[in-house]
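Inside the fold
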Amino acid sequence: MSDQPVPAESTERAPRKRPDQTGGPGSSQPTEPRPHDPTDAAAAIAPPAEDGTGGAPNPAGPPGPTELAPPRGTGDVLPPESWRWQAATRLAMDSFATAGYAPIETPIFEHTEVFERGVGVGSEVVGKEMYTFSDRGGRSLTLRPELTAPVMRAVLGHNLHRARLPVKLAYAGPMFRQERPQKGRYRQFSQVGIEAIGSMSPAIDAEVIEVGDRYLRDAGVEPTLLLNSIGHLDPGCRTGYLKLLTEYLVANRSALAPVDIERISLNPLRTFDSKESRTIEVMRRAPMITDHLCDDCRNHFDAVQSHLTKLDVSYTLDPHLVRGLDYYTRTAFEFTAGGLGSQNAVGGGGRYDGLAESLGGQHLPGIGFALGLDRILLSGFQTKDQSSPVAAYVVAIGSAAVEQALAIATHLRAAGIGADLDFLDRSVKSQMKDAARSGGRWAVIVGDEEIAGNNVTLKDLGTGEQETVARDKLEDRLKP
Ligand code: HAM
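Looking now at the overall build of the chain. For the chain, the helix and strand inventory stands at 17 helices and 16 strands. By residue count, 47% of the 480 residues in the chain fall in the buried class. Pairs at least 24 apart in sequence give 68% of the contacts found in the chain among residues at least 6 apart. Total accessible area on the chain is roughly 23900 Å²; 52% of this is exposed by carbon and sulfur atoms.

Spelled out as structure tokens, the structure:
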């Protein structure tokens, strides 16, 4: 046993054993990769607090064990699942970059008004789901529930639109919405997305949609693309249509589900999103926005469809698709996928030609989408580089070899070859077991004999074959 301390866990419940002594995380029996399912993570250890925001406080008061479950609706992404997450994010950002979308990072929290003015107080996200708090200076801040409004704020704030148009930006990161958690719906979730700001051309609508569609296909998701146009706020377009729709809803008020009645005055378009069968029935006969678009919006929509057809992107027209955020104008779309139950939207987006003005800026049209990474992973994301990059595990025989083992691992890493080794003073047998667990293909064995011969013994952990390799040839031998 080494004199190095074994890392301790902060609970009496599960004292951590050395990996080579247990059937637990360090055993040669790999544990089943646990799907990321934060809906029950907290519930499994502690019931959610009354307000649904987290685990139960310790009723006996301090000092109790620290609550080890993350807050309800959130989750930890652990290896090996975390490799898949990283691969999905990398694939997205690389794929978006090939179309000229440069990465942008904005703060996790923003002034609340960015969302109130940008996304709209009438939206469910702003009205009911935001994590809003006051900081010590009394400022109202909000954990970002989405990134389109913050990206537009950043574009306006840094005058990016004065440099080159359209401004094409891509992002990946966590968002926060206090929704009722269920499979595929979490309170902290991750999105990847793009925004193209500064062009009215229907060609860019098609580009944006194609970029999203291609990424989803490359990620192994077979998306269905739903497409609609919701026009723009003008009496000859959506504003006139909303009047007609409101009249229709008022006339059919008694047939609507009670929960949808308040939508008539708050946000009549959202009645199309209702899950209530009574309302769905009423909406079947409701006037459709696509029959009331102005000529410009109609022409734009026709051109988007014609571009998509040329690009071989198949879509289904869905005149009921209205999207949940108030900034949308004209093109609205959603990607859905099978196998996800009710939370089957893997992404959505659309045009937001009035957003910059809502934030106090000049007229700056835009279009973009965000895809839900949690749902993409749930629906079976697969790529080849989704495991640990460790290729070689250096096994030291005897204490004299430890220094050599660390030096060999360091040289391999410097040459771009992932390498790991033992730091718990394990026996050779246990090091070989750990090598198998590391996910690496090779064991690089070094002992007195190898040190004397200035070589190593290389073992292919898949086939069991062994060979002797000169130290200065090792990197070449291991290069894929
Ligand atoms: P959104 O439709 O609210 O749009 O979200 C986009 C995607 O994020 C959804 O389709 C879903 O996959 C994922 N998502 C949303 N909420 C949750 C949740 N609670 N748990 C897990 N996944 C979730 C937007 O956010 C817009 N900003 C998209 C956009 C970009 N429009 C224009 N540009």
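Every one of the 27 residues lining the ligand counts as a neighbour, but Glu146, Glu179, Tyr186, Tyr328 and Ala345 are closest to it. The side chain of Glu195 places a nitrogen or oxygen atom 2.8 Å from a nitrogen atom of the ligand. Val346 is positioned such that a nitrogen or oxygen atom in its backbone is 3.4 Å from an oxygen atom of the ligand. Surface burial for the ligand is 95%, taken as the share of its 650 Å² of free accessible area covered by protein chains. For the shell around the ligand, the secondary structure elements donating two or more residues are strand 6 (188-197), strand 10 (345-351) and strand 11 (366-372). Per-element accounting of the shell around the ligand gives the leading share, 6 residues, to strand 10. Of the residues belonging to the shell around the ligand, the class tally is 11 nonpolar, 9 polar and 7 charged.

Inspection of the secondary structure puts Asp434 in helix 15 (residues 428-437). Its relative accessible area of 15% is what places Asp434 among the buried residues. Those residues within four positions of Asp434 in sequence are excluded, and the remaining contacts are Tyr393 and Arg426.

A few words now on the sheet that holds strand 16 (residues 466-470). Pairing within the open sheet is mixed, and its 5 strands lie in the order 13-12-14-15-16. A strand with exactly one partner marks an edge of an open sheet, and here the two such strands are strand 13 (418-421) and strand 16. Across the sheet, the axes of successive neighbouring strands diverge by a mean angle of 30°, strand direction being ignored. The pairing of strand 15 (residues 455-460) with strand 16 spans 5 bridges and is antiparallel. By the bridge assignment for strand 16, Thr457 is matched with Thr468. Seen against the sheet, helix 15 touches strand 12 (390-396), strand 14 (442-446) and strand 15 and runs at an angle of roughly 175° to strand 12.

Turning our eyes to something else, we now look at the side chain of Ser438. Structurally, the position occupied by Ser438 is in the loop between helix 15 and strand 14. For Ser438, the side chain forms a polar contact with the main-chain nitrogen of Gly440, separated by 3.1 Å. Leaving out residues up to four positions away in the same chain, Ser438 has contacts with Ser388, Val390 and Tyr393.

Note that Val192 resides in strand 6. When its relative accessible area of 0% is taken as the criterion, Val192 is described as buried. For the pair Val192 and Thr89, spaced 103 residues apart in sequence, the C-alpha to C-alpha distance is 7.1 Å.

Positionally, Glu146 belongs in the loop between strand 4 (140-143) and helix 5 (148-157). With 30 residues separating them in the primary sequence, Glu146 and Phe176 have C-alpha atoms 7.7 Å apart. For Glu146, the residues in contact, after removing those within four places along its chain, are Phe115, Val119, Met175, Arg177, Gln191, Leu325 and Tyr327. Among the polar contacts made by the side chain of Glu146, one reaches the main-chain amide nitrogen of Thr148 at a distance of 3.1 Å. At 2.8 Å, the side chain of Glu146 forms a polar contact with the backbone nitrogen of Ala149.

With that out of the way, let us pick up the pattern of salt bridges. On inspection of all chains with the given rule, the structure shows 21 salt bridges. For Asp302, the salt bridge identified is with Arg298, shortest N-O distance 3.3 Å. Of this pair, Asp302 and Arg298 both sit in helix 11 (residues 295-310), 4 residues apart, roughly one helical turn. Asp302 sits in the partly exposed class, given a relative accessible area of 37%. Salt bridges here are not isolated pairs; linked through shared partners, they connect Asp422, Arg426, Asp434 and Arg437.

Here we take up the pairing of strand 5 (residues 167-176). Within strand 5, 8 of the 10 residues are buried, which leaves it mostly tucked inside the rest of the structure. Note: strand 5 against strand 6, 10 bridges, orientation antiparallel. Within strand 6, the position partnered with Phe176 by the bridge is Gln188.

A few words on the nonpolar core. With 57 residues, the main nonpolar core has Phe96, Tyr215 and Ile376 as its most contacted residues. At 7 residues, the largest contribution of residues to this core is made by helix 6 (residues 202-218). Other than its neighbours up to four places away in sequence, Ile376 contacts Tyr215, Leu216, Ala219, Val221, Val346, Leu371 and Phe381. One finds Leu169, Tyr328, Leu359 and Ala370 within the second-largest nonpolar core, a separate group that totals 31 residues.

Across the interface, helix 2 (residues 81-98) lies against helix 6 with an axial gap of 10 Å and an inter-helix angle of 145°. Judged by the twist between their axes, the crossing of helix 2 over helix 6 is right-handed. For the pair formed by helix 2 and helix 6, the contact residues are Ala88, Leu91, Ala92, Ser95, Phe96 and Thr98 on the first element and Val211, Arg214, Tyr215 and Asp218 on the second.

With that out of the way, let us pick up unusual backbone geometry. Pro80 follows Pro79 through a cis peptide bond whose omega is 5°. Of note, Pro80 is situated in the loop between helix 1 (38-45) and helix 2. In the Ramachandran plot, Arg330 falls in the positive-phi region, its phi being about 50° despite a non-glycine side chain. One non-glycine residue, Asn454, lies in the positive phi region at around 50°.

Judged by how many residues are buried, strand 9 (residues 329-336) sits mostly within the fold: 8 of 8 residues are covered. Examined bridge by bridge, strand 7 (residues 224-229) and strand 9 share 6 bridges and lie antiparallel to one another. Paired with Ser229 across the bridge in strand 9 is Thr331.

The next subject is the sheet that holds strand 11. What holds strands together in a sheet is hydrogen bonding between their backbones, with the strands either parallel or antiparallel. With mixed pairing, 8 strands are arranged side by side in an open sheet as 1-5-6-11-10-9-7-8. A strand with exactly one partner marks an edge of an open sheet, and here the two such strands are strand 1 (102-103) and strand 8 (316-317).

How each quantity is defined
Residues numbered from 1 in each chain as written. Predicted model: local features only at pLDDT ≥ 70, side-chain atom pairs only at ≥ 80, totals over all residues. Heavy atoms only, no water. Helix = DSSP H or I, 4+ residues; strand = E, 2+ residues; numbered from the N terminus. Buried < 20%, exposed > 50% of the residue type's maximum accessible area, 1.4 Å probe, protein only. Contact = heavy atoms within 4.5 Å. Areas by Shrake-Rupley, 256 points an atom, 1.4 Å probe, with all protein chains shown as cover. Near = heavy atom within 4 Å. Polar contact = N/O pair within 3.5 Å; in protein donor to acceptor, adjacent residues only side chain to side chain. Nonpolar A, V, L, I, M, F, W, Y, C, P; charged D, E, K, R; others polar. Pairing = 2+ DSSP bridges. Axes fitted to C-alpha atoms, helices over the stretch in contact; angles between N-to-C directions. Salt bridge = Lys/Arg side-chain N within 4 Å of Asp/Glu carboxyl O. Core = buried A, V, L, I, M, F, W, Y, C linked by side-chain atoms within 4.5 Å. Left-handed = near helix turned anticlockwise from the far one by under 90°.

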